Amino acid sequence: MKAVYLAWLELRRFRGPWRRFVPAVLILIPLLYGALFLWSNWDPYGRMSAVPVAVVNSDRPADHNGEQVNAGEQFVQQLRTTDTFQWHFVDVDTARSGLEQGRYYFTIRVPEDFSTRLANSTRSAPQRPAVLLTRNDANGHLAGVMADTARYELQNQINAAAYAAYARGLYGDLGEVRGKLGTASEISEQLVQGTQLGKQSTGALARGLTGVRDGAGHVSGGVRDIASASAQLDQQLSSITEFTGQRLPATTEALLDTSGSAVRDLNTITGGTAAAQSQAERSAGALAQLANRHPELSGDPLYRSALDDARQLAATTATVNGAAQDAQRSAAETQDRALALRDDLDPLQQDVNDIGDPATRLRLASAELTGGVNGLSHGVNTLVANIGVAQTSSGQLNDGARRLADQVRDSLGRMPPAGPTEVARASSELGTPSVVRATTLNSADVYGRGVAPLFFGIALWVFGLFAYLLFTPLNQRALGGRTNPLSVAIGGWLPAAVLGVIGGLVLLGAMDLTLGLDPVDLPAAVGLTALGAAAFTAINHFLRAAFGVVGGLVSLALLLVQITASGGLYPLETAPAPIQALHSVLPMSYLVDGLRVAFTGGEQWHLAWDAIVLGGVLVVFLLLTSLAVLRQRMWTVGRLHPQIEL
Amino acid sequence: MDVDGVSIVARGITATGPEGIVFENVDARVYPGELAVIVGEGGTGRTSLLLALSGRLKIVAGRIEIDEAPRRASLVRRAIVPARLSPGFELEGRLRVREAIRERRITARVGARAVDRAMAALGLDVDRAALIDELYPDDRLMLAIALATAGAPPGILVDDVVAGLLPSGRNRVWSALRAVADAGTTVLASSTEPPSEADVLIRLPYNIVDFGDDTGGLPLFSTAANEEVR
């Protein structure tokens, strides 16, 4: 509590119109130092495009196999498409004077023989073309370092230009060739499609012709049938003609004769049967009259039988007479028909003679048809055989077209692309056949974020150094009085430590909010910043309390040593051995290491160990200051009248 | 006599600094309740001698006896407390009077009433809200003396008493210191001019010591500048 009150009284000293701002200004010291530096150097490599660089193209185009090689122009065009630096395309004198006067940080010159060397690169003794890069470290050495970091990219640009020119020298205009190959590829595709169609249609044609051949076979069979049928028809017709012309009229005459005699005979028969009938009927009538006259006879069986016979005879003779009359009528009719037949024979004969002529012509024609169909069949057979050959050929044609298309496509694929961006990519791949792929654990992303831990350390140390220019390290009254040494020590340390912690956190907050420091472990960052501020203040407090002005100088020296020894910029291994040896005994090393873990990630035990070391430093230096208090209760003349005063 | 003062005897003490001898072969005897004044120009080693006599500066030769015997420096420091040493023990000008009082209560372990009493004893009445720098120089020195005597120490140190004071202020301070001594506290003061109130005068750089009535037993020296005050 005494220490806290002493600290409070120390802060109360800062009153008055201007002095009251002293603590506030002290709080801003870390921000002033750390933020200003980090702000201006947050991402220098991301802003290289603002660095003016002169580009001079002295190249003269060269001829190679009738092609013009203009690699210098190509290179300049490649550069124009990038914004690695702020390119100024100027002539050689402007570039030289600009470099000397600081207008350009370096110059890139394409020499006169750039294209020539490239064009000759296919000859027996090739010379590598070179691009000249001239730096002026009077403009700042780091600009040159930046140029070096960009050299890889620059090399790519040069390679791209060289490759394009080289390819043109070897193959002429690759782009044109490629374009033509593209056309050829399209055409060959069409050819493949066309021959494919041809192959399909000859197949279909062959199938159709086979059908036709089969049909023609059927047709010739039918025609042969027709020919034989018409021959038979002709033959039949001849016998019919003969029959109707000769045998039919004779037969008709005979028929007429026969039917005439039959009619006459039947007339005779009919007269006899009619007399027989009337006789029988009268016999039957006489028998009936006999019974009437002699009723006794009617019971006589003999009589009855005679009567029945007589009656039957009468009936039979009637029937026979009827039949004879029918026969006579039929015979008359037959004779009539035979007469009519004889009359009809002449037209029939005429008709039959008319048929004979066309039938003969039919027979002749069908014979001709048979001959024709046989010829057709032959022709179709030949055609089918030829179509088979055509089908095979069109298949071969299609295969050939397909292979051609494949070849052309393959060539097109193998043909390097010739556009500027493709050339650039191809050249970067050809020029650098392998790449290094880098993966970063706990990446800091930008330069500023990577060096922030060091600048936090420096800012907090500078604060401690500066604070005791304004704060009294030890309260004189407490030193001369009876307050215990630890309270005096803490009372002197506390006001600066509180302001230092606030200042450190202001720096951290400002970095996070304005520049995007974005610590991966914010609580650790806050804690370690506070602890670092407290520890560094304790060290500076001790130096100042124990050694006065000399202590301030020691602090300054320690600061400078720690900047190099804390490993915050270059890897520690690049430092001289004495600096390396100091690394692990200087407190800023631990703050830088711990903040690195807190800001961008890393091993947690590092963080814990750093915190322990810084906490230990804090305690040790407060105890050392207490010892100093104890010792200073006894004055020396040297302290009373310091040899060195500010 | 409120306080038992200390007696201080110095025998041939010498202190050196980076630039050689600061004072050499100084003898002195101060009885309890005496007002001893070291007289000399600035830079003659007055403050160093005050520090040496109060156990705050290492001497390279001679010896100092406090209450008739050599004592541990820390005990001597506790017995003889500074009211003002310049440089080394001065009130902070940017603090208010009440803050200075509070500070002293902490650093010297004295009570508020003791401070009040000490101020009253000196007849000092200042605005406690005033800044120390705003006080008149004599009030400022009187406050320092009051704060030193608040713990009723056996001895006090007051460096460079007359610096920046008008004659009236000087008289007031010397009277106050005389009163403190009369109350029993041994007072060691330094000044550029010898006050009439002093019991003992120690002149620098001439190692001239005046032991007043008691001149026995101690080697004295011998320059014409040797001067009797009482």
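All values reported here derive from a predicted model rather than from experimental measurement. (Residues numbered from 1 in each chain as written. Chains lettered and ligands numbered in written order. Predicted model: local features only at pLDDT ≥ 70, side-chain atom pairs only at ≥ 80, totals over all residues. Heavy atoms only, no water.)

**Details of the overall build of chain A**
Within chain A, the secondary structure is distributed over 19 helices and 6 strands. Counting over 646 residues, chain A shows a buried share of 40%. Of all intrachain contacts in chain A linking residues separated by at least 6 positions in sequence, the fraction that spans at least 24 positions is 82%. A total of about 34700 Å² of accessible surface is found on chain A, and carbon and sulfur atoms cover 59% of it. (Helix = DSSP H or I, 4+ residues; strand = E, 2+ residues; numbered from the N terminus. Buried < 20%, exposed > 50% of the residue type's maximum accessible area, 1.4 Å probe, protein only. Contact = heavy atoms within 4.5 Å. Areas by Shrake-Rupley, 256 points an atom, 1.4 Å probe, with all protein chains shown as cover.)

**Here's the deal with the overall build of chain B**
A tally of helices and strands in chain B yields 6 helices and 9 strands. Out of the 230 residues belonging to chain B, those deemed buried represent 57%. Excluding contacts between residues fewer than 6 apart, the proportion of contacts in chain B whose partners are at least 24 apart in sequence is 69%. Just so you have it, chain B exposes about 9700 Å², and 47% of that area is on carbon and sulfur atoms.

**Points about the packing of aromatic side chains**
The description of two aromatic rings rests on the distance between their centres and on the angle between their planes. Residues and elements named next belong to chain A. According to the stated counting rule, one finds 10 aromatic pairs over all chains in the structure shown. Summarising the aromatic geometry, the rings of Phe542 and Phe547 are spaced 5.8 Å apart at their centres and angled 85 degrees between planes, so their arrangement reads as edge-to-face. Under the relative-accessibility criterion, Phe542 is labelled buried at 12%. A residue is classified by how much of its surface remains accessible, and Phe547, at 43% relative accessible area, is partly exposed. Within the aromatic cluster, the residues linked to one another by ring pairs are Phe14, Tyr468 and Phe471. Just above the ring of Phe14 sits the side chain of Arg13; from NZ or CZ to the centre is 5.4 Å. (Phe/Tyr/Trp six-rings, centres within 6.5 Å; stacked < 30°, edge-to-face > 60°. Lys NZ or Arg CZ within 6 Å of the ring centre and 35° of its normal.)

**Things to note about the pairing of strand S1 (residues 52–57) of chain A**
Residues and elements named next belong to chain A. Burial of S1 is extensive: 5 of the 6 residues sit out of reach of the surface. Where S1 lies against strand S4 (residues 86–89), 4 bridges are found, and the strand directions are parallel. Paired with Pro52 across the bridge in S4 is Gln86. As paired strands, S1 and strand S5 (residues 106–110) are joined by 5 bridges and run parallel to one another. (Pairing = 2+ DSSP bridges.)

**Topic: the interface of chain B and chain A**
With 34 residues of chain B at the contact, the number on the chain A side is 25 residues. The largest share of the area that chain B buries against chain A comes from Arg94, Ile106 and Thr107 of chain B, three residues that together contribute 20% of it. Across the contact surface, chain B and chain A share 4 salt bridges. Linking Arg477 of chain A and Glu103 of chain B is a salt bridge whose minimum nitrogen-to-oxygen distance equals 2.8 Å. For the pair chain B and chain A, the interface holds 12 residue pairs in polar contact (both at pLDDT 80 or more). (Buried area = accessible area lost by both parts, 1.4 Å probe. Salt bridge = Lys/Arg side-chain N within 4 Å of Asp/Glu carboxyl O. Polar contact = N/O pair within 3.5 Å; in protein donor to acceptor, adjacent residues only side chain to side chain.)

**Looking at a nonpolar patch on the surface**
A cluster of nonpolar side chains, contributed by Tyr45, Leu142, Tyr447, Leu569 and Tyr570 of chain A, occupies part of the molecular surface with about 540 Å² of accessible area. Along the chain, Tyr447 of chain A falls in helix H12 (residues 447–470). (Patch = residues over 30% accessible without salt bridge, like charges linked within 9 Å, V, L, I, M, F, W, Y side chains within 5 Å.)

**Things to note about the pattern of salt bridges**
Throughout the structure, instances matching the rule amount to 25 salt bridges over all chains. Where Glu65 of chain B meets Arg63 of chain B, a salt bridge forms, and the shortest distance between an N and an O atom there is 2.6 Å. For Glu65 of chain B, a relative accessible area of 7% puts it in the buried group. Residue Arg63 of chain B is classed as partly exposed on the basis of its relative accessible area of 44%. Through salt bridges with shared partners, a single network forms among Glu10 and Arg13 of chain A together with Glu92 of chain B.

**Overview of the side chain of Ser230 of chain A**
All names here are of chain A. Along the chain, Ser230 falls in helix H8 (residues 174–293). Residue classification places Ser230 among the buried positions, given a relative accessible area of 3%. Among the polar contacts made by the side chain of Ser230, one reaches the main-chain carbonyl oxygen of Ala227 at a distance of 2.8 Å. Sequence-distant contacts of Ser230, defined by excluding residues within four places in its chain, comprise Leu362, Arg363 and Ser366.

**Let's talk about a positive patch on the surface**
Taken together, the side chains of Arg482 of chain A together with Arg72, Arg78 and Arg109 of chain B make up a positively charged region of the molecular surface. Summarising the element assignment, Arg109 of chain B is placed in the loop between helix H3 (97–107) and helix H4 (112–121). Taking relative accessible area as the criterion, Arg109 of chain B reaches 49% and is therefore assigned partly exposed. (Lys, Arg positive; Asp, Glu negative; His and termini not counted. Charge placed at Lys NZ, Arg CZ, Asp CG, Glu CD.)

**What about the nonpolar core?**
Formed by 60 residues in total, the largest nonpolar core has its most connected members in Leu38, Phe456, Phe536 and Phe599 of chain A. The set of elements that each furnish at least two residues to this core consists of helix H2 (22–40), H12, helix H14 (485–515), helix H15 (522–565), helix H17 (587–600) and helix H18 (604–632) of chain A. Apart from residues lying up to four places away in sequence, Phe456 of chain A is in contact with Leu38, Gly504, Leu507, Leu508, Met511, Leu517, Thr529, Leu595 and Phe599 of chain A. Counting residues in hydrophobic clusters, the runner-up holds 43 residues, among them Val115, Ala118, Leu122 and Ile156 of chain B. (Core = buried A, V, L, I, M, F, W, Y, C linked by side-chain atoms within 4.5 Å.)

**A closer look at the sheet that holds S5 of chain A**
All names here are of chain A. Pairing is mixed in the open sheet, where 4 strands are placed in the order S4-S1-S5-S6. In this open sheet, the two edge strands, each paired with only one partner strand, are S4 and strand S6 (132–135). Looking at each pair of strands side by side, their axes are set apart by 25 degrees on average, direction ignored. Summarising the sheet, S5 and S6 pair through 4 bridges and their orientation is antiparallel. Looking at S6, one finds that Thr107 is bridged to Thr134. Its contacts with the sheet place helix H3 (residues 71–80) against S1, S4 and S5, and it is angled at close to 160 degrees to S1. Helix H4 (residues 92–101) contacts S1, S5 and S6 of the sheet and is inclined by roughly 155 degrees relative to S5. (Axes fitted to C-alpha atoms, helices over the stretch in contact; angles between N-to-C directions.)

**A closer look at the environment of Leu143 of chain B**
Note that Leu143 of chain B resides in helix H5 (residues 137–149). Taking C-alpha positions, Leu143 of chain B is 8.7 Å from Ala83 of chain B, a pair spaced 60 residues apart along the chain.

**Here we look at the packing of H3 of chain B against H5 of chain B**
Residue and element names in this part refer to chain B. In the contact formed by H3 and H5, the axes pass within 10 Å of each other and the chain directions differ by 25 degrees. Classified by the angle between their axes, H3 and H5 sit roughly parallel to one another. In the packing of H3 onto H5, the handedness of the crossing is right-handed. Along the contact surface, H3 presents Val97, Ala100, Ile101 and Arg104, while H5 presents Leu143, Leu147 and Ala148. (Parallel < 35°, antiparallel > 145°, perpendicular 65-115°, else oblique. Left-handed = near helix turned anticlockwise from the far one by under 90°.)

**A short note on H3 of chain A**
Of the residues making up H3 of chain A, those classed as buried are Ala71, Gly72, Phe75, Val76, Gln78 and Leu79 of chain A. Buried residues along H3 of chain A cover an arc of 155 degrees about the axis, so they all sit on one side. (Arc of directions from axis to C-beta.)

**So, the sheet that holds strand S1 (residues 8–17) of chain B**
All names here are of chain B. On the basis of which strands lie adjacent, the open sheet formed by 3 strands has the order S2-S1-S4 and antiparallel pairing. Because the sheet does not close on itself, it has two edges, and the strands there are strand S2 (20–30) and strand S4 (61–66). Sheet twist, expressed as the mean angle between neighbouring strand axes with direction ignored, is 25 degrees. Looking at chain direction, S1 and S2 are connected through 7 bridges and run antiparallel. Residue pairing for S2: Gly17 is matched across the bridge by Gly20. Taken strand by strand, helix H1 (residues 46–53) contacts S1, S2 and S4, and its axis lies near 55 degrees from that of S2.

**A short note on the confidence of the model for chain B**
Residues and elements named next belong to chain B. Per-residue confidence for chain B averages 84 on the pLDDT scale, and 89% of its residues sit at or above 70. Contacts for the low-pLDDT stretch residues 213–230, under 50 throughout, to residues beyond four places or in other chains number 30 contacts. Across the predicted assembly, pTM comes out at 0.66 and ipTM at 0.85. (pLDDT = per-residue confidence, 0-100.)

**A few points about the packing of H2 of chain A against H14 of chain A**
Residue and element names in this part refer to chain A. The N-to-C vectors of H2 and H14 enclose an angle of 35 degrees; their axes lie 8 Å apart at closest approach. In the packing of H2 onto H14, the handedness of the crossing is right-handed. Contacts between H2 and H14 pair Pro23, Leu26, Ile27, Leu28, Pro30, Leu31, Gly34, Ala35, Leu38 and Trp39 from the former with Leu499, Ile502, Gly503, Gly504, Val506, Leu507, Ala510, Met511 and Leu515 from the latter. Split by residue class, the contact of H2 with H14 holds 16 nonpolar, 3 polar and no charged. (Nonpolar A, V, L, I, M, F, W, Y, C, P; charged D, E, K, R; others polar.)

**What about unusual backbone geometry?**
All names here are of chain B. Looking along the chain, the bond that leaves Ser86 and enters Pro87 is cis, with omega of 0 degrees. Mapping Pro87 onto the fold places it in the loop between strand S5 (80–84) and H3. The phi torsion at Asn25 lies on the positive side, around 55 degrees, for a residue other than glycine. As for its position among the elements, Asn25 is in strand S2. On the accessibility criterion, Asn25 (44% relative accessible area) is partly exposed. Even without glycine at this site, Glu68 takes up a positive phi of about 70 degrees.

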